[in-house]
Structures are given as C-alpha cells and as structure tokens.
Amino acid sequence: MMYRIINSSILVLCIFVFYMNIRFVNSKQAWSPIDEYGHYDYIDKLSSGRIPKLSDPISEELFEHIKNNPHKSVSGIVNTREELGFGNYSYQAKHPPLYYLVLLLPDMGMKKMTTPIFTRLKVLRVLSHVIFFIGLLVLIPIARILSEHYARIPLFYVYGCVLFGLMIATHERYGLGNNLMSPLMVNSTVLFMLRYYFQLKNKDLFLFVLFSGLAVCTALPNLFILPCLLFLMGYKFIKYFSVQGFFFSIGSLIVPAVILFVWQKMNISEPVFEAQMQQVLLAVIPANAIGYSDFIKILMNDTFQLTFLKQGLDISSVVFTLIVINVILCLIFIKTVWLKHKWLLFVFLQFIVFMITLYFLNKYIPRVTWVAFRHYLGFIPVVYVGITAFVLIVYQKLVQQKMRGDLKK
C-alpha cells in the first residue's frame, strides 16, 4: 500500500512538472538565445524542399519578424542582416535532419492556415517537449524487462528518472532543439537491445539497428552512447549468429544511411564561410581552455539549474553530494549489486565512458557546446543511475528484510 502511494505521488509530480515545463515554455514571448533562429530556419528551409547549408541566410520572413519585433529578438534592435552576425545564417545545418523533418509537417500545416511565425514557433516548442516526455516514458517498458530478469525495479524509481529528466529539460535555452528528441531515440534503442538480448528475435535486432541509426540522425552526440550498446549486442549476435539476422541488421541501416548521406551531400557550405566560423569557434573557446574539473563544474551548473521553477535555482551541490553517497554505498554493497542488479554495472560503465568522453571533448575539440547538458539528453538515464543507484540497493535491503520477517512468522 505504501509503495502504491509513493508510486502515485511521484507520477502526479511528473505530470505536474511536465505541466510546469510547458507553462514555462509558453510563457516565453521572445526567441530562445540565438540558436533558435537557426533551428527554426532549418524547418523553414525543409518546407521549401531543400536541406539548408551552414552559409545560407535565414528566410526573409524570419528576418522581417526579428527586425520588426525587437522585444522578441535576442539581438535587440537590428535593421540589417549583417547586424545579426552568425544569427543571420542557417548554422544549425550542422545537425542531422531527422528532428526537423518530424516538425516539418505541423509547421507546413500551420503555414497553410497563415499562422504567424511566432505562433508556429510556440506550437513547435510544445511539440518538442511532448516528444521529450514520450521519450522518457519509454523507460517504463525498459524497467519492466530488467525486472523480469533481475531483481524488481520499483515503479517509483522509474518515475523518479522521468521526473529527473523533466526537471533538467528546460533552462535559459528553452526553445527548439534537436536534442529534445534524443531520449526517444536512445531509449527506444535500449528497449530493442534488451528485447533482442533476452528473446533473440530478428525483428528486435532490426529495430535496434534502425533506432541506433535514427539516434545519430537526430543528434550526433548520441554517437557517444552507442559503443557500449553495440558491444553488448555484438557479443550476443556473434554467439547466436544467423544469416537472416545479419541481413535484417544490414537492411535496417538503409533509412538512416540515406538520411545521413543526403544531409552530408546537401549541406556543404561555402569554404570561406566554414573557415570563418571555425576561426570564431577557436577564438571563443579553444580546446583545453579550461581544466577538466572546472569544465565539470560549469556543466553541472548548466545541468542543474531549475529555471522553470525559479531563475538561478541551482541544485548542483546537492547532486554532487548524492554522487558521493551513491559511489560509497554501491561499493559497500557491491555484492548486492552483483547478485540482484547486475545491469547497474553496465550503466556504471556507460557513466564512466560518458565522463571520459567529456574529458577528451574538452581537451581536444574547440567548441562552445560541450559545456551545455542539452547536447547529452540521451544520457539522462545514465546520469540518473549514476546519482541514485543507492536507492535500489536500499530498496533491495528492505525487501530482503521484509522477506526474512515473513519467514519468521
């Protein structure tokens, strides 16, 4: 009875926070800091039947809206395209097109109804957050499969992960972004991986490979989560190799391969523009500009700002404390982890790989984006387990204690 109350309470909290997210996004009457111009223009370019190039100027409709509505602009008062700087260009063309293709149909429908551009933007923002929420809900069938083969994962723990994702989804960059679709693609990939791993059905292998490819077609940072999944699937596939399964997996690559090929073929920008953009990035934040520990602090600060509740509400220190507690308790009760929740070791490995990846990104790649968690939304379950796995251990101990008490009776 107590667990039902806890489950229901956290589920209600998830729905409430999702409502607060949508309310927060809807309350914003200005464009989200500068990237949103490029994200929306990507959809706009697709509606005209072509994939944008980085050097393409934003559409005339978008520019006129920015110029005529300075109170909604992140650029203030502008009279010429040159005053927008890089905001005048479709530089979000650096991202694969799947997310933008998904939003293309509703955007075209609203255009046919002559809906104003900013209203269209707000609708697409809401749709993006709905997709994000659906992606988090895929964790429920994932937990169900794990519970069938290991110790039971309580529903409140899964709802807790959904809640965690919703809490960190919105920040000062509250608008459109292809990363909002990453949880749906990555979690679906994990779901079909587990189904194949335990059931060995070729259709699940097909769907695993398909969604792996679609995850990359959504956001390139999703590549960082795939090696561990592919290693586990490769082990299982080789052990139970079949010719039919091999052709299933090859066939499932066709759609993502075509998407990536067309995107790469069509979005090549002018060499001069590309060189200029690279020079700006190198100047803004060169590789290894800050130490790894400072990089992590900045990333945590960006991740754990609960802006949708209150501007400047930062819980990163609380999260850091939970990480320390989690590491200590998991080491103390490593036997319980091994016997009851062996899958946690795989997630811990993913967490370590994630931290190592961040180290090399910071050290060798000159980009401003690596210190923003919005580029790693596919890692939400990994980060959540890295913070809260001790909850499962405590729950397991309570279950064992109750069972011993029932036996004595």
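Thresholds applied
Residues numbered from 1 in each chain as written. Predicted model: local features only at pLDDT ≥ 70, side-chain atom pairs only at ≥ 80, totals over all residues. Heavy atoms only, no water. Phe/Tyr/Trp six-rings, centres within 6.5 Å; stacked < 30°, edge-to-face > 60°. Helix = DSSP H or I, 4+ residues; strand = E, 2+ residues; numbered from the N terminus. Buried < 20%, exposed > 50% of the residue type's maximum accessible area, 1.4 Å probe, protein only. Lys NZ or Arg CZ within 6 Å of the ring centre and 35° of its normal. Polar contact = N/O pair within 3.5 Å; in protein donor to acceptor, adjacent residues only side chain to side chain. Contact = heavy atoms within 4.5 Å. Axes fitted to C-alpha atoms, helices over the stretch in contact; angles between N-to-C directions. Parallel < 35°, antiparallel > 145°, perpendicular 65-115°, else oblique. Left-handed = near helix turned anticlockwise from the far one by under 90°. Nonpolar A, V, L, I, M, F, W, Y, C, P; charged D, E, K, R; others polar. 1 Å grid on protein atoms, 1.4 Å probe; cavity = no way out; pocket = protein on both sides within 12 Å on 5 of 7 lines; lining within 4 Å. Points joined across faces, edges and corners; volume = space filled by probe spheres on them. Salt bridge = Lys/Arg side-chain N within 4 Å of Asp/Glu carboxyl O.

Chemist: An account of the packing of aromatic side chains is needed here, citing residue identities and associated values.
Modeler: All chains considered together, the criterion is met by 24 aromatic pairs. Aromatic side chains Phe24 and Tyr174 sit 6.1 Å apart centroid to centroid with 90 degrees between the ring planes, which places their arrangement in the edge-to-face category. One end of the pair, Phe24, is in helix α1 (residues 2–27); the other, Tyr174, is in the loop between α7 (155–167) and α8 (182–199), and 150 residues separate them in sequence. With respect to burial, Phe24 and Tyr174 carry one shared label: buried. Through successive ring pairs, a cluster of aromatic residues spans Tyr292, Phe295, Tyr359, Phe360 and Tyr364. Sitting above the plane of the Tyr197 ring, Lys236 keeps its charged end 4.3 Å from the centroid.

Chemist: Which residues make up the side chain of Glu36, and what values go with them?
Modeler: Relative to the assigned elements, Glu36 resides in helix α2 (residues 35–47). Within polar-contact distance, the side chain of Glu36 engages the side chain of Arg125 at 2.8 Å. Here the side chain of Glu36 touches Leu176 through a polar contact of 2.9 Å, landing on its backbone nitrogen. Not counting chain neighbours up to four residues away, the residues in contact with Glu36 comprise Trp31, Leu121, Arg125, Gly175 and Leu176.

Chemist: Tell me about unusual backbone geometry, residues and numbers included.
Modeler: With a phi angle near 55 degrees, Thr114 is a residue other than glycine that sits in the positive phi range. By the secondary structure assignment, Thr114 is in the loop between α4 (98–112) and α5 (117–137).

Chemist: Provide a residue-level description of the environment of Ile153, including the pertinent values.
Modeler: Relative to the assigned elements, Ile153 resides in the loop between α6 (139–149) and α7. With a relative accessible area of 8%, Ile153 lands in the buried category. Through-space distance from the C-alpha of Ile153 to that of Gln396 is 9.1 Å; in sequence the pair is 243 residues apart.

Chemist: I'd love a proper account of the packing of α5 against α7, names of residues and values included.
Modeler: Across the interface, α5 lies against α7 with an axial gap of 9 Å and an inter-helix angle of 155 degrees. Judged on the interaxial angle alone, α7 and α5 are roughly antiparallel. Crossing of α5 over α7 shows right-handed handedness. Packed against α5, whose contacting residues are Phe132, Phe133, Leu136 and Leu137, the element α7 presents Val162, Gly165 and Leu166 at the interface. Each residue belonging to the contact of α5 with α7 can be placed in one class, and the counts come to 6 nonpolar, 1 polar and no charged.

Chemist: Could you give an account of the packing of α6 against α7, naming the residues involved and the relevant values?
Modeler: Packing of α6 against α7 leaves a shortest axis separation of 10 Å and a crossing angle of 150 degrees. By the angle between their directions, the pair α6 and α7 is classed as roughly antiparallel. Between α6 and α7 lies a crossing whose hand is right-handed. Along its contact with α6, which presents Leu139, Ile140 and Ala143, the element α7 presents Val158, Tyr159 and Cys161. Within the contact of α6 with α7, the residues separate by chemical class into 6 nonpolar, no polar and no charged.

Chemist: If you had to explain the layout of surface pockets to someone new, which residues and values would you point to?
Modeler: Here the second largest pocket is characterised by a volume of approximately 620 Å³. Elements represented by at least two residues in the lining of the second largest pocket include exactly α6, α7, α8, α10 (226–239), α17 (343–364) and α18 (380–408). Its residues placed into classes, the lining of the second largest pocket shows 27 nonpolar, 3 polar and 1 charged.

Chemist: Describe the environment of Val399, and please don't skip the residues or the numbers.
Modeler: Along the chain, Val399 falls in helix α18. Taking the C-alpha atoms as reference points, Val399 and Trp263, separated by 136 residues in sequence, lie 52 Å from one another.

Chemist: Summarise the pattern of salt bridges; cite the residues concerned and give the values.
Modeler: Summed over all chains, the structure comprises 11 salt bridges. As a salt-bridge pair, Lys111 and Asp107 come within 3.9 Å of each other at their nearest N and O atoms. With Lys111 and Asp107 both in helix α4 and 4 residues apart, this pair spans about one turn of that helix. Overall, the relative accessible area of 25% leaves Lys111 in the partly exposed class. Using a relative accessible area of 0% as the deciding quantity, one classes Asp107 as buried.

Any functional reading would require information beyond the geometric quantities listed.
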